[in-house]
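# Observations on the three-dimensional arrangement
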Amino acid sequence: MFSDALRESVDLSLFWDYREVMLSGLAFNFHVFAASATAAIALGLGAALLRVAQALPFRVLGTLHVETFRNAPDYIMLVWVHFVLPLLLGAALGTRIEFHPFASAVIALGLVYSGYYAETFRAGIQSIPRGHLEAGRACGMSERQILWRIVMPQVVRRMLPEGLNQLVSLFKATTIVSLITVPDLMYRVSMVTATEMKPLPLYTGAALLYFAVVFAAASLVRLASERWRRRILA
Amino acid sequence: MGNWERLVWNQREVLLEGFLVTLHVCALAFAAAILGGLALCLLRMHVRPLRPLATLLIEFFRATPIFVQLMWVNYVWPELFGWPNSFFTAGWVALALQSSGYLAETFRAGIEAVPRGQREAGEAVGMGPALVMARIVLPQVALTTAPAIVNQFTVIVKSSTLVSVITVQDLMFQSQKLVNVWYEPIEILTATAAIYIAFVFAVSACGKRLSDALRRRFGIGSG
Amino acid sequence: MDDMPAIRASGIRKRFGELEVLRGVSFDVRRGSVVSMIGASGSGKSTLLRCINRLEAPTEGEVYIDGVPMGFVEDRGGRRRARSLAEINRLRRDLGMVFQQFNLWPHMTALGNVIEAPMRVRGLPRAEAVALGEAALEQVRLAEKRDAYPAHLSGGQQQRVAIARALAMQPKAMLFDEATSSLDPELTEEVLAVMRDLAQRGTTMIVVTHEMRFAREVSDEVMFLHDGVIEESGPPGQVFGAPRSERCRQFLSKFIGQAR
């Protein structure tokens, strides 16, 4: 019995039979990933700038943003954004609003990861010596110029390894969007399983496929980070 | 406010019951992940014939998304190994697998960070390798990695919401059940999210205090 | 028996790959005497010290403690076999080592550091180890810091605890590997004072040092290492006062004012 099961799990031909369905599912993972990564980085930068601002209300707002989303489980955020946020917005605007599952997925993951990115950006910003800002001011640069010409280039360099790792985590997180019926790879697997009644090769195939993608991405990130570190520290 | 009382406060026992299941799953997963992570790390570093296997497992656990692992353990393992035989077990085992991969790497970094001179000081007073490991290296690893270990617990808590998908009756499960009874998600889901956020926040705050205390007392660990 | 040297090094060579750091070093250390090793960095003096207690295994040559070889045992038939790590660990207890970087264990208090080896290695009961440890801390004048963790001690205090840690094993000899080199000048003196004290009590010591005044005042014998060999050795008066080797003279000229 064990060997039958083993053969069946190693025999991924059923997964292969559905390769087109599965790959178009994986494409959805990439779409959700790309959109939510953009949102997370933009929102994260905003929140980080709030946290290092001079005015106290800004700092409080930034901290609230970070501590809420960084500590929230992805799944509850996904459910909350999909089922609660439209009702709240609808009540505020006096209309009936519904979110497309794809939109909910992007908003939820974007918010959660903006919390992580905000911390990464903040650590990067605060690691820059005051002297660099003062040097900029001494040359007569405006605060805006100092931010974009002096601060950000260094921040990006410092946070690159961690930021790339967070992208990998974000990609892994996209696998839960099937739970609000975004038709990603996991969604397709559960659908096909329902008709074929053979979870073993299907889930094993999905696990291996995700593993291959994530492992390749993580290895690239590791390689890039090492090279990067050598270049800026050398 | 009436809604909050009716949907959340009056349901507090159900929610608490769910929260206790969450704690139970997380505690089991956490304990198993620490033991598993330590075992994987020591196999990888010190048992040469098993190194490739340990490395493969660590990489697989780390690189496979938790939801995928959960489904895999839940649907595939029973057919493959005849175990786990309950959703509850499948839930904490999947959570433990993922975290054991991360903790194995944390422990490895911790062991490698113990300065060479620390071991030599042990050897110079006549300690053998086992004693050096047990009395000098591992206690320091425990201290330096404690904050990261606490952080891993918050990861487990966050991921544990997914065990509701395989019908483990944790907080997330109970909360969604209530939503399905009342069809009024706003208060229930918001309260559930708040509970999770507050709990994870509290655990991370403890972790931060711990790492500050360790640095003050022993001068070890980084910020 | 009495004329047997406490430590005898015979024909020590050490190679790291292509690099030969020690190229045949032999010397004796009489019981109760203090030997200082001086020389430029890279001359091999630290490696020599580490070869003596086998933190590095010498490529060739042997070290004898009270006539007992560190690296091998001879059976009745006169055949030699290499000692196991456990046997080497047993012999190491007889040599107390003090490191440049102190290497105190940060997760134990000062007393914890000192009693660790007596309890775990020699198997003494706790009360006995504590009595021994307190005496050792007393000897380095740090009895009141027994419950402090290393992070809360100054460098000089940490090094004195490290000396106490070595003393608590009641070794036959003490090895000092540049014990004051990573200390600020104002902390150096308190460590040297403890070392002087030990020397006066008749402790057998090998001291690798850059403190020429200490070497001159305290040693019974001074060895100048250069490029992996003992270039010059003798009583301090001779080595510092009238060195025969040109290299030794050059080396010492950098320390004018400190030693002469």
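The structure reproduced in this document is the subject of the present report. This one's a predicted model, so the numbers in the text were calculated from it and none came from an experiment. (Residues numbered from 1 in each chain as written. Chains lettered and ligands numbered in written order. Predicted model: local features only at pLDDT ≥ 70, side-chain atom pairs only at ≥ 80, totals over all residues. Heavy atoms only, no water.)

## Things to note about the packing of aromatic side chains
By the definition in use, this model includes 17 aromatic pairs over all chains. Considering the side-chain rings of tyrosine 117 of chain A and phenylalanine 121 of chain A, the 6.5 Å spacing of their centres and the 45° angle between planes classify their relative orientation as tilted. Taken together, the positions of tyrosine 117 of chain A and phenylalanine 121 of chain A, both in helix 7 (residues 101-126) and four residues apart, correspond to about one turn of that helix. For the residue pair tyrosine 117 of chain A and phenylalanine 121 of chain A, the accessibility class agrees, reading buried in each case. Put simply, the rings of Phe211 and Phe215 of chain A together with Phe60, Phe61, Trp72, Trp77, Phe81 and Trp83 of chain B pair up and form one aromatic cluster. (Phe/Tyr/Trp six-rings, centres within 6.5 Å; stacked < 30°, edge-to-face > 60°. Helix = DSSP H or I, 4+ residues; strand = E, 2+ residues; numbered from the N terminus. Buried < 20%, exposed > 50% of the residue type's maximum accessible area, 1.4 Å probe, protein only.)

## Some remarks on the interface of chain B and chain A
Taken together, the contact pairs 35 residues of chain B with 39 residues of chain A. Contact between chain B and chain A buries roughly 3300 Å² in total, counting both sides, with carbon and sulfur atoms accounting for 76%. Contact with chain A buries area across many residues of chain B, yet Glu79, Leu80 and Lys158 of chain B alone supply 18% of it, more than any other trio. Run the count over chain B and chain A and you get one salt bridge. Among the ionic pairs, arginine 222 of chain A bridges to glutamate 59 of chain B, the shortest N-O distance being 3.6 Å. Our enumeration of links across chain B and chain A arrives at six residue pairs in polar contact (both at pLDDT 80 or more). When residues of the side of chain B that touches chain A are traced back to their parent elements, those giving at least two are helix 3 (51-63), helix 4 (66-75), helix 5 (77-81), helix 6 (87-113), helix 9 (171-182) and helix 10 (185-218) of chain B. The element best represented in the side of chain B that touches chain A is helix 10 of chain B, accounting for eleven residues. Its residues assigned to classes, the side of chain B that touches chain A shows 23 nonpolar, eight polar and four charged. (Contact = heavy atoms within 4.5 Å. Buried area = accessible area lost by both parts, 1.4 Å probe. Salt bridge = Lys/Arg side-chain N within 4 Å of Asp/Glu carboxyl O. Polar contact = N/O pair within 3.5 Å; in protein donor to acceptor, adjacent residues only side chain to side chain. Nonpolar A, V, L, I, M, F, W, Y, C, P; charged D, E, K, R; others polar.)

## What about the sheet that holds strand 1 (residues 7-16) of chain C?
Residue and element names in this part refer to chain C. Here four strands make up an open sheet; going across it, the order is 2-1-4-5 and the pairing antiparallel. The sheet is open, and its two borders are formed by strand 2 (19-29) and strand 5 (68-69), each paired with just one other strand. When strand 1 meets strand 2, the two strands line up antiparallel, connected through eight bridges. Its bridge partner being in strand 2, arginine 13 is matched across the sheet by arginine 23. Its contacts with the sheet place helix 1 (residues 45-52) against strand 1, strand 2 and strand 4 (60-65), and it is angled at close to 65° to strand 2. (Pairing = 2+ DSSP bridges. Axes fitted to C-alpha atoms, helices over the stretch in contact; angles between N-to-C directions.)

## Structural notes on the packing of helix 6 of chain B against helix 8 (residues 129-160) of chain B
Residue and element names in this part refer to chain B. Taken N-terminus to C-terminus, the directions of helix 6 and helix 8 make an angle of 145°; their axes are 9 Å apart at the nearest point. Note that helix 6 runs across helix 8; the crossing there is right-handed. Here helix 6 contributes Leu95, Ser99, Tyr102, Leu103, Thr106, Phe107, Gly110 and Ile111 to the contact with helix 8, which in turn contributes Met133, Val137, Leu138, Val141, Thr144, Thr145, Ala148, Ile149, Gln152, Ile156, Ser159 and Ser160. Each residue belonging to the contact of helix 6 with helix 8 can be placed in one class, and the counts come to twelve nonpolar, eight polar and no charged. (Left-handed = near helix turned anticlockwise from the far one by under 90°.)

## Description of the interface of chain C and chain B
With 25 residues of chain C in contact, the opposing surface of chain B contributes 24 residues. Where chain C abuts chain B, roughly 2100 Å² becomes buried across the two surfaces, and 60% of that area is made up of carbon and sulfur atoms. A per-residue breakdown of the area chain C buries against chain B is headed by Trp105, Pro106 and His107 of chain C, which together make up 27% of the total. One can count two salt bridges joining chain C with chain B. Put simply, chain C and chain B have eleven residue pairs in polar contact (both at pLDDT 80 or more) between them. Contributing elements (two or more residues each) for the side of chain C that touches chain B: helix 2 (85-92), strand 8 (95-98) and helix 3 (110-120) of chain C.

## A short note on the nonpolar core
Core analysis: the largest hydrophobic core is formed by 162 residues, its most contacted members being Ile7, Phe27, Ile52 and Ile206 of chain C. Ranked by residues supplied to this core, first place goes to helix 6 of chain B with eleven residues. Residues contacting phenylalanine 27 of chain C, with those up to four places away along its chain left out, are Ile7, Arg8, Ala9, Met37, Leu48, Ile52, Ile206, Met223 and Ile230 of chain C. With 40 residues, the next largest nonpolar core counts Leu183, Val191, Val194 and Ala199 of chain C among its residues. (Core = buried A, V, L, I, M, F, W, Y, C linked by side-chain atoms within 4.5 Å.)

## A few points about the environment of glycine 25 of chain A
Residue and element names in this part refer to chain A. With respect to the helices and strands, the residue glycine 25 is situated in helix 3 (residues 19-51). A sequence separation of 176 residues divides glycine 25 from proline 201, and the C-alpha atoms of the two residues are 17 Å apart. In this structure glycine 25 touches Pro183, Asp184, Leu185 and Arg188, once residues within four positions along its chain are discounted.

## Regarding helix 9 of chain B
Here helix 9 of chain B is twelve residues long and its end C-alpha atoms lie 17 Å apart, about the 16 Å a rise of 1.5 Å per residue gives. Residues of helix 9 of chain B that are buried include every one of Leu171, Met172, Phe173, Gln174, Ser175, Leu178 and Val179 of chain B, and no others. Where helix 9 of chain B is buried, its residues meet helix 5 (74-83) of chain A together with helix 1 (2-7), helix 2 (12-46) and helix 10 of chain B. Where helix 9 of chain B ends, the next residue or the one after it, tyrosine 183 of chain B, has phi of about 55°, a positive value. (Expected span 1.5 Å × (residues − 1).)

## Some remarks on the sheet that holds strand 10 (residues 204-208) of chain C
Residue and element names in this part refer to chain C. An order of 8-9-10-3-11-12 is seen for the six strands of this open sheet, with the pairing classed as mixed. Each end of this open sheet is capped by a strand with a single partner; those strands are strand 8 and strand 12 (229-234). Neighbour-to-neighbour, the strand axes of this sheet turn through a mean angle of 20°, independent of strand direction. Alignment of strand 11 (residues 221-226) against strand 12, held across five bridges, turns out to be antiparallel. Within the sheet, the bridge partner assigned to leucine 225 lies in strand 12 and is isoleucine 230.

## Here's the deal with a nonpolar patch on the surface
Residues and elements named next belong to chain B. A grouping of Val47, Leu50, Leu53 and Leu57 is seen on the molecular surface, where their side chains present a nonpolar patch of about 290 Å² in accessible area. With respect to the helices and strands, the residue leucine 57 is situated in helix 3. The class of leucine 57 is partly exposed, set by a relative accessible area of 32%. (Patch = residues over 30% accessible without salt bridge, like charges linked within 9 Å, V, L, I, M, F, W, Y side chains within 5 Å. Areas by Shrake-Rupley, 256 points an atom, 1.4 Å probe, with all protein chains shown as cover.)

## Things to note about the layout of surface pockets
All names here are of chain A. Quantified by volume, the second largest pocket comes out at close to 550 Å³. Lining the second largest pocket are 14 residues, with Val52, Gln54, Ile125, Leu133 and Glu143 positioned closest to its centre. Residue assignment for the lining of the second largest pocket shows that the elements contributing at least two residues are helix 7, helix 8 (130-138) and helix 9 (143-173). Residue contributions to the lining of the second largest pocket peak at four residues, all from helix 9. (1 Å grid on protein atoms, 1.4 Å probe; cavity = no way out; pocket = protein on both sides within 12 Å on 5 of 7 lines; lining within 4 Å. Points joined across faces, edges and corners; volume = space filled by probe spheres on them.)

Scope: geometric values only; no functional claims are made or implied.
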